[in-house]
Amino acid sequence: MSNWPRPLATSDELGLIRAGLPLTREDPADCPAHLAVKARPWLTAASRLPAYDPFLTFALKPLMTALDRIEFHGRSPAEAVEELRRTRGRFGRGRPAHDGLVEWTVEALDRFLSRRRILLDNRGPGELPTEPVAYEWVVRDVLPVHARPDARGAHVYERTAWGRRYASADGTQRELWLLSFGSAKKDRPDAEVAAAASVTAFGRACRPGYDRERDRPEPYTVVDPHRSAPGPSRIRVIDFGCGDGTARTTVDCTPAEAARDFGRYTEPVLTRMLDGSERRPGRSCVECSGAGRCSALPSSAGHGEQAGLIGLPLPVRVRTRRSLSASDLRAYADCPAKYHLTRELKLRSVRPENPAVRRGRAVDAVLNEQHETRRPRGCRGLAAPDESAWSGLPPEIALAAAAMVERHAALCPLDRLAPEEEVRVQAQVTAYDPVLDLVLVAKPDLLHTRRGGWVWRETKTVGRRPYEGGSVLVHHPQLALAVLLMRTGELADGDRRRSRIELELLGSESARRLEIDPWQPSVLASARDIVRRTAGPWLEETVYRAVPGRPCRDCEALDWCREGREHLAADSRRPGGAPVPPPGAAPAACGASRPAAG
Ligand code: SF4
Ligand code: SF4
């Protein structure tokens, strides 16, 4: 019998096992126990959470429906865009899409149709033209009706691959297009690539089903059970980037090659995934039915804290469980629309970030790598990093970044740290607020023990003047969140007299370190106050209005935000005003276009 984590689910039905591509990734950020439960859809359906959301949260849904309209219902691209805009992405049912998502979808649709047309017109040797396929391809393994379930308790195994499907008229060639938000993905793990190829090569055309009485999915139904035609002899998996219209052929092979790679790369991963039992708190907790009951997910309850970590009451309209990080709070404080589009929907422009942000990322990457090596003197005495560490940065910014790394050496917390102390670089810290049904997440630059206490180190690269006084928690709200998180789980179990949060401010000409005692009542009160000031409105938010202002210039959602572009256009007309940043990616030309700004 497998050791799947039975206590995390509230029902006991193991008969159906279904694995889509995300379950084949073995991403260290995922919780193995949660993936094992997720692969058993009849388990999680029994413990569904409240599901109120004002807007669509699956960002690719309007794009997929618009493509369905064009590919299967005879609409022109212009008609599909008209319906998309008129129905606000609903296409007849469900929640509306945010205006920004509608605009993003218009652009992504244009790019997709354009790229597919280009690939069709420029086929390689032996490639046949392909047509859209409406039915899903699913690989099914079903035990005979009267057979007992297998050792996992399963009767039906299904493998799926979510994307757009195309096939030649004679069925000998198939293509699966996998969609990403930004550029075409280049780094899918081998197991995922082989899983996609296998479904494309061997998937049967299937219809999904839903059991309304039991409120759970049914196994797929094969639409042509008596098919005698041979399957494809050649398959391709194409990665497509909705953000810039790039496409790349990830796989081009025969079914025999797909079967070989599936056995080599995917099967071992699927076996490990299905039997996974390790509990690893993190982003998975947001959709896990075990949150609140799982011993691995620290909760404010049980550590002498008031029942809720943040200390706010449940909002009037209870939302689907969400995560909350310092980046979420910052984005929401900048502009609610920016938060919804970039943090919830994960839409990001492919335009390069501003130089200060890129400098910070480059310095972080160098320091993380140095800390991973765990030298006795930490970063002290290390040679300057290779110039390639600063590639892509303007020369003066690269010089500043190199100077910051040099200044860090004198403040490195690993210098003379005893070898028995624990060091975690960029580790995920997660805690659960049971009152708000909220998962708080953070990733400290460095977390380490020192003589029984825990030290949380954040490093910030700053401009010329590293610190100008005032409340450090107000200036850096992520430290306020850190104060709350230090009071949960194993961090709270450390020696409180020796536990602290450190802020390292790195300038190119000077650097300094500030300390915060998370166990001081006044520090806790201040941290809670700072988090509540943004989290309170965030919890009640249902509109996600665009609030144009200073953040628009660097906003990753600017390309799809009419208010932001109008604001910058007006700004550019003022004497000395900066020009409006160009779009992150050139729009394609398939009939739909973005409304003009200003
Ligand atoms: S609550 Fe979090 S840590 Fe626990 S099983 Fe679920 S996802 Fe894993
Ligand atoms: S461009 Fe400005 S108004 Fe629009 S989402 Fe971004 S910050 Fe908000």
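No experiment lies behind these values; they were computed from the predicted model shown.

K.L.:
Would you mind showing me how to read the overall build of the chain here?
P.N.:
For the chain, the helix and strand inventory stands at 16 helices and 18 strands. Expected size for 598 residues packed as a compact globule is a radius of gyration near 25 Å; at 26 Å, the chain falls within 12% of this value. Projecting the C-alpha coordinates of the chain onto the three principal axes gives extents of approximately 75 × 65 × 55 Å. Accessible surface computed for the chain: about 27,900 Å², of which carbon and sulfur atoms make up 51%. Both charge centroids of the chain, one from 91 positive and one from 79 negative side chains, sit 2 Å from each other.

K.L.:
Is there a simple way to think about the sheet that holds strand β15 (residues 446–450) in this case?
P.N.:
Strand pairs in the sheet, formed through backbone hydrogen bonds, run parallel or antiparallel to each other. Taking strand neighbours across the sheet as the criterion, the five strands line up as β12-β15-β16-β17-β18 in an open arrangement whose pairing is mixed. For this open sheet the edge positions go to β12 (423–425) and β18 (511–516), each flanked by a neighbour on one side alone. When the angles between neighbouring strand axes are averaged without regard to direction, this sheet yields 20 degrees. Of the strands in this sheet, β12, β15, β16 (453–461) and β17 (500–506) touch helix α10 (residues 355–372), which is tilted by about 145 degrees from β16.

K.L.:
Help me out: how do you make sense of the packing of α10 against helix α11 (residues 395–408) in this one?
P.N.:
Packed helix pairs are characterised by how far apart their axes lie and by the angle those axes make with each other. Look at α10 against α11: their axes get within 10 Å of each other, and the N-to-C directions meet at 35 degrees. Crossing angle aside, the handedness with which α10 passes α11 is right-handed. Across from P355, R359, V363, V366, L367, Q370 and H371 in α10, the residues of α11 making contact are I397, A401, M404, V405 and H408. Split into classes, the residues belonging to the contact of α10 with α11 amount to eight nonpolar, three polar and one charged.

K.L.:
Looking at this model, I keep getting lost on the packing of aromatic side chains. Mind explaining?
P.N.:
Here a ring pair, both rings aromatic, is described through the centre-centre distance and the interplanar angle of the planes. If you walk through the whole model with that rule in mind, you get 10 aromatic pairs. Judged by centre distance (5.1 Å) and plane angle (80 degrees), the rings of F112 and F240 are edge-to-face. Here F240 lies in strand β9 (residues 234–241) and F112 lies in helix α5 (residues 99–121), a separation of 128 residues in the sequence. Exposure class is identical for F112 and F240. Each is buried. It is R116 that lies over the ring of Y166; its NZ or CZ is 3.7 Å from the centre.

K.L.:
When you look at the site of ligand 2 in this model, what are you seeing that I'm missing?
P.N.:
Neighbouring residues of ligand 2: C335, A337, K338, A546, V547, P548, C552, C555, L558, C561 and G564. Split by residue class, the shell around ligand 2 holds nine nonpolar, one polar and one charged. Two domains share the shell around ligand 2, each providing at least three of its residues, namely domain 1 (326–540) and domain 2 (546–584 + 591–598).

K.L.:
Please explain the sheet that holds strand β3 (residues 136–142) as it appears in this structure.
P.N.:
Taken in spatial order, the five strands of this open sheet run β1-β4-β3-β7-β8, and their pairing is mixed. Both edges of this open sheet fall to β1 (16–19) and β8 (216–222), since each of them pairs with a single strand only. Strand-to-strand, the axes of this sheet are offset by a mean angle of 35 degrees, without reference to chain direction. Note that β3 and strand β7 (residues 204–211) share three bridges and pair antiparallel. Residue pairing for β7: E136 is matched across the bridge by C206. With respect to the sheet, helix α6 (residues 190–202) is in contact with β3, β4 (156–160) and β7, its orientation differing from that of β3 by roughly 90 degrees.

Rules used throughout
Residues numbered from 1 in each chain as written. Chains lettered and ligands numbered in written order. Predicted model: local features only at pLDDT ≥ 70, side-chain atom pairs only at ≥ 80, totals over all residues. Heavy atoms only, no water. Helix = DSSP H or I, 4+ residues; strand = E, 2+ residues; numbered from the N terminus. Rg over C-alpha atoms; globule rule 2.2 N^0.38 Å. Areas by Shrake-Rupley, 256 points an atom, 1.4 Å probe, with all protein chains shown as cover. Lys, Arg positive; Asp, Glu negative; His and termini not counted. Charge placed at Lys NZ, Arg CZ, Asp CG, Glu CD. Pairing = 2+ DSSP bridges. Axes fitted to C-alpha atoms, helices over the stretch in contact; angles between N-to-C directions. Contact = heavy atoms within 4.5 Å. Left-handed = near helix turned anticlockwise from the far one by under 90°. Nonpolar A, V, L, I, M, F, W, Y, C, P; charged D, E, K, R; others polar. Phe/Tyr/Trp six-rings, centres within 6.5 Å; stacked < 30°, edge-to-face > 60°. Buried < 20%, exposed > 50% of the residue type's maximum accessible area, 1.4 Å probe, protein only. Lys NZ or Arg CZ within 6 Å of the ring centre and 35° of its normal. Near = heavy atom within 4 Å. Domains from an automatic or database assignment.

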